[in-house]
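Reading the structure
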Amino acid sequence: MIRTRINRLVEKHGEALIVTAAATLLFVTLAIIYWYSYSSIKKSISRNAESELRESSLKVNNVVSVMELALRNNVWAVPKSANSIKQVEEMVVHVVEDNLHVMGCGVAYRPELNNGQQMGVFAYDVVPDSTAVVLLSYMKYDYTKSEWYAKVVQDEQPHWADPYVGLTSHRLSTSFSMPVYDDQNRFIAVSFVDVALDWLYKVVHQEDVAPNTANLLLSHSGELLVCPDKSMLNTRNFVQAVTGQTSNAEAKDVEQRMLNGERGYVSLKDKDGEKLHVFFAPVDKRVGWSMAVVAKDKVVYRDLFRTSFKMLCLALLGLALLAFIVWNVRKQAKRLQQIDAEKERIGSELRIASEIQQSMIPKVFPPYPDRDDIDVYGLLEPAKYVGGDLFDFYIRDEKLFFCIGDVSGKAVAASLVMAVTQSLFRTLSAHEANAARIMDLMNESMSNSNESMMFVTLFLGVLDLPTGRLRYCNAGHNAPLIIENGSATSATNASTQNVHALPVVSNVPLGIMPNHKFEGQETVIKPHSVIFLYTDGLTEAEDANLKQFGKQRMQILAETYQQNEGVQELVNKMTSAVKEFVGGAEQSDDLTMLAVDYKKVQRKVMLKRSLTLPNDVQTIPQLAEFVEGVGEELGFDMEDTMGLNLALEEAVVNVMTYAYPKGTLGTVQIDAEANDQRLKLVITDQGSPFDPTAKEDADITLSVEDRPIGGLGIFLVRQLMDSINYERVNGSNVLTLRKKLTGK
């Protein structure tokens, strides 16, 4: 049940399910790729930020160490007495000129050791390669209140001061100062160097982590040493510099952590709500500075966002294309299903048509097992489901009506014409025994409705079984073979004179020339002879090399035929020979054969009597005496004799009435002949051609008032006798009646 529902769901919504599954898989894949890319970029920016922080720290550390070293290496030369100003000048000038980043150097003596007087020397760069020296006592500047001095005096430790704007350079600067001791280890002065902070910006921004990434440097007191917005330098506006806001709790917390010398990462949002990535770490513990790298989320992941957007667009385009392909495939699949269903329907209809067509062809063999004078066997193998070949036969009034034909074209159209042709043969031959006349009527009917201009080659024969007389007409078909006397017994002593083609007038095929008069022919078929009919599917069968089977092979096979094998064996041998010849080649045309074995046997005559009467019904009583004598000699009982007399009387009176014109004298001869099987009564006259068998039987189901005159007599004859046969022989009408002897 569940499987059935699933199958129905897939069948109904197959395209949507496929596209949905593909979209889900695609978007999950894109999400995974995006997540991994995002994580990778995040790790990368973190590593780059850490690297930048370390590199900047090292650079700052190097500069700081150089500054400290420059001062430490020269502080020993500071005179121990404030009175040695000249020596102090030489030392401070030397420090300024020999160190790139030093823009000033000085020594400030402690006033309390010099009678309260501020004394010292300060050297600084005026212009490149030019150094100026000034005495601190001449400057209106109380250095004892400066951080670089006061902090050292307080702690007696080296100290890096907070940045400030230099009095002489007017540049953002900082100072490194350290105590100076005399020989008695008394703290007598503070030596210091001023360092311009211009180099800090270059150091911090020498290599940005990413475009538009902001690097900030914060002093130990919270002043900005380096900042993208230079108007905020030497201020304590860290929060505003980072977020663009005057107040931000998270940014304030970061500032405090930086002042505490901590290292870390924090995600913030600026005034526009945009995400910021902040990495921070201390630069150098000696100076107490801390550095922060700030990167905007949309900048860091800009390429990822752009790539993801492009991939999403491509994915949507791909899904649209997939949906179109699936829809088109589904459409084509439905179309193929419809085509397959149509093919199946057509195939089914063709199979039904084939069955119908085959049902029209005689297929019960032997067809007349109770007769010893005739045997027939036919075969039709269409190249396709249905074909255009046909054969048919039946016996009426001791005549074998048979035909074989080939419709132009193939398949369904040909099969329809074949069905029409066979129906016309059956219908028209039911009341007509003249082969040429039957052919005329068939041609007229087919020509009048032949819009497709298809035609039929046909051979039509009427074989009179008692006499062997064959009346036939050919319409452009292959001439049948006549195999006389059963042919030879083997291929080695076969004689070609025993197998010959029946002479035929070709005429024209049926259906192409209205009003054409077909020429009939006749011959006598000897007993123990076979009439072999075929279509060109036999002789024109081709092998893989397009070589044809040919008439010669067919005739050789016919010559080796032995009558005791039977006509079915003859057809089967022909069929096997053709299939062996063509091998694996596809059958290109319908294969049709029909064999008629005329095997009339001469039996010993037990009775033979004759009676000749004038065409006068007054002489009929003589016929009764004749019949009584025949019945008595054959041992008929009274009932059989009366029935025989009634049948013969009806037939003879019919001849006397219609054979001769009124006033014309003529005779009617009655011959009775009997063997051990049958009684044969032959009525012969020389009157006008008249076939009583051609008259339709009376319809006895009608009332006497509604029933037309005539036809009842011949109906009685058919009921009383086993067979009735008419022939026109040498200008005479010959009507033959047969009756099987009782018990035979």
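Notes on the structure in this doc start here.

What counts and what doesn't
Residues numbered from 1 in each chain as written. Predicted model: local features only at pLDDT ≥ 70, side-chain atom pairs only at ≥ 80, totals over all residues. Heavy atoms only, no water. Helix = DSSP H or I, 4+ residues; strand = E, 2+ residues; numbered from the N terminus. Rg over C-alpha atoms; globule rule 2.2 N^0.38 Å. Buried < 20%, exposed > 50% of the residue type's maximum accessible area, 1.4 Å probe, protein only. Contact = heavy atoms within 4.5 Å. Lys, Arg positive; Asp, Glu negative; His and termini not counted. Charge placed at Lys NZ, Arg CZ, Asp CG, Glu CD. Core = buried A, V, L, I, M, F, W, Y, C linked by side-chain atoms within 4.5 Å. 1 Å grid on protein atoms, 1.4 Å probe; cavity = no way out; pocket = protein on both sides within 12 Å on 5 of 7 lines; lining within 4 Å. Points joined across faces, edges and corners; volume = space filled by probe spheres on them. Nonpolar A, V, L, I, M, F, W, Y, C, P; charged D, E, K, R; others polar. Axes fitted to C-alpha atoms, helices over the stretch in contact; angles between N-to-C directions. Left-handed = near helix turned anticlockwise from the far one by under 90°. Phe/Tyr/Trp six-rings, centres within 6.5 Å; stacked < 30°, edge-to-face > 60°. Expected span 1.5 Å × (residues − 1). Pairing = 2+ DSSP bridges.

The number of helices and strands found in the chain is 16 helices and 27 strands. In summary, the chain has a C-alpha radius of gyration of 66 Å against a globular reference of 27 Å for 744 residues, an excess of more than 25%. Overall size of the chain, expressed as C-alpha extent along the three principal axes, is 200 × 65 × 50 Å. A burial count over the chain gives 46% of its 744 residues as buried. Counting contacts in the chain only where the partners sit at least 6 residues apart, residues at least 24 apart contribute 65% of the total. Separation of charge centres in the chain, based on 75 positive and 93 negative side chains, amounts to 6 Å.

We now examine the nonpolar core. Residues Val60, Val92, Val107, Val193, Leu200, Leu217 and Trp289 are the most contacted members of the largest nonpolar core, which totals 52 residues. Broken down by element, this core gets its largest block of residues, nine residues, from helix H1 (residues 2–72). In this structure Val107 touches Val78, Val88, Met91, Val92, Met119, Gly120, Val121, Leu136, Ala189, Val190, Ser191 and Phe192, once residues within four positions along its chain are discounted.

In this structure, the largest pocket occupies an estimated 940 Å³ of space. Residue lining of the largest pocket: 38 residues in total, with Glu398, Pro466, Arg678, Lys680 and Arg738 positioned closest to the centre. When residues in the lining of the largest pocket are grouped by element, the largest group, five residues, is from strand S26 (residues 723–729). Class assignment of the residues belonging to the lining of the largest pocket gives a composition of 14 nonpolar, seven polar and 17 charged. Of the volumes computed, that of the second largest pocket is approximately 470 Å³. Looking at the second largest pocket, it is lined by 20 residues, and the ones nearest its centre are Asn99, Leu100, His101, Val102 and Asp125. Those elements that provide at least two residues to the lining of the second largest pocket are helix H2 (85–98), strand S1 (102–109), strand S2 (119–127), strand S3 (130–135) and helix H4 (198–204). Broken down by class, the residue content of the lining of the second largest pocket amounts to nine nonpolar, five polar and six charged.

For the rest of this paragraph, the subject is the packing of helix H12 (residues 550–559) against helix H13 (residues 567–582). The contact between H12 and H13 brings their axes to 10 Å, and the two run at 145°. Crossing geometry of H12 relative to H13 is assigned as right-handed. Across from Arg553, Met554, Leu557 and Ala558 in H12, the residues of H13 making contact are Lys573, Met574, Ala577 and Phe581. Residue composition of the contact of H12 with H13, by class: six nonpolar, no polar and two charged.

On to empty space enclosed by the protein. Summed over all chains, the structure comprises two cavities of 30 Å³ or more. Of the pockets and cavities examined, the largest cavity occupies roughly 60 Å³. Every residue lining the largest cavity is listed: Glu650, Ala651, Asn654, Val655, Phe690, Pro692, Gly713, Ile714, Val717 and Leu735. Every element with two or more residues in the lining of the largest cavity is listed here: helix H15 (638–658) and helix H16 (712–720). In the lining of the largest cavity, the residues fall into seven nonpolar, two polar and one charged. Of the residues assigned to the lining of the second largest cavity, the class counts are five nonpolar, one polar and one charged.

Here the focus is the packing of aromatic side chains. For any pair of aromatic rings, the description consists of the separation of the ring centres together with the inter-plane angle of the planes. Applying the stated criterion across every chain, the model contains 21 aromatic pairs. Summarising the aromatic geometry, the rings of Phe532 and Tyr534 are spaced 6.1 Å apart at their centres and angled 25° between planes, so their arrangement reads as stacked. The exposure classification of Phe532 matches that of Tyr534, with both residues buried. Among the aromatic residues, those joined into a cluster by ring pairs are Phe122, Tyr124, Tyr143, Trp148, Tyr149 and Phe192.

In this model helix H14 (residues 620–634) runs 22 Å from its N-terminal to its C-terminal C-alpha over 15 residues, within 8% of the 21 Å that 1.5 Å per residue would give. All of the buried residues in H14 are Ile620, Leu623, Phe626, Val627, Gly629, Val630 and Gly631. Its buried side turned inward, H14 meets strand S23 (607–614), H15, strand S24 (667–674) and strand S25 (678–685). Just beyond H14, the residue with positive phi is Gly635, at close to 80°.

The strand order across the open sheet formed by five strands is S9-S8-S12-S11-S10, and the pairing between neighbours is antiparallel. Single-partner strands in this sheet number two, and they are strand S9 (224–226) and strand S10 (264–269). The average undirected angle you get between the axes of adjacent strands in this sheet is 30°. Inspection of the sheet shows strand S8 (residues 214–218) paired to S9 by two bridges, in the antiparallel sense. In the strand pairing of S9, Leu218 is matched with Leu224.

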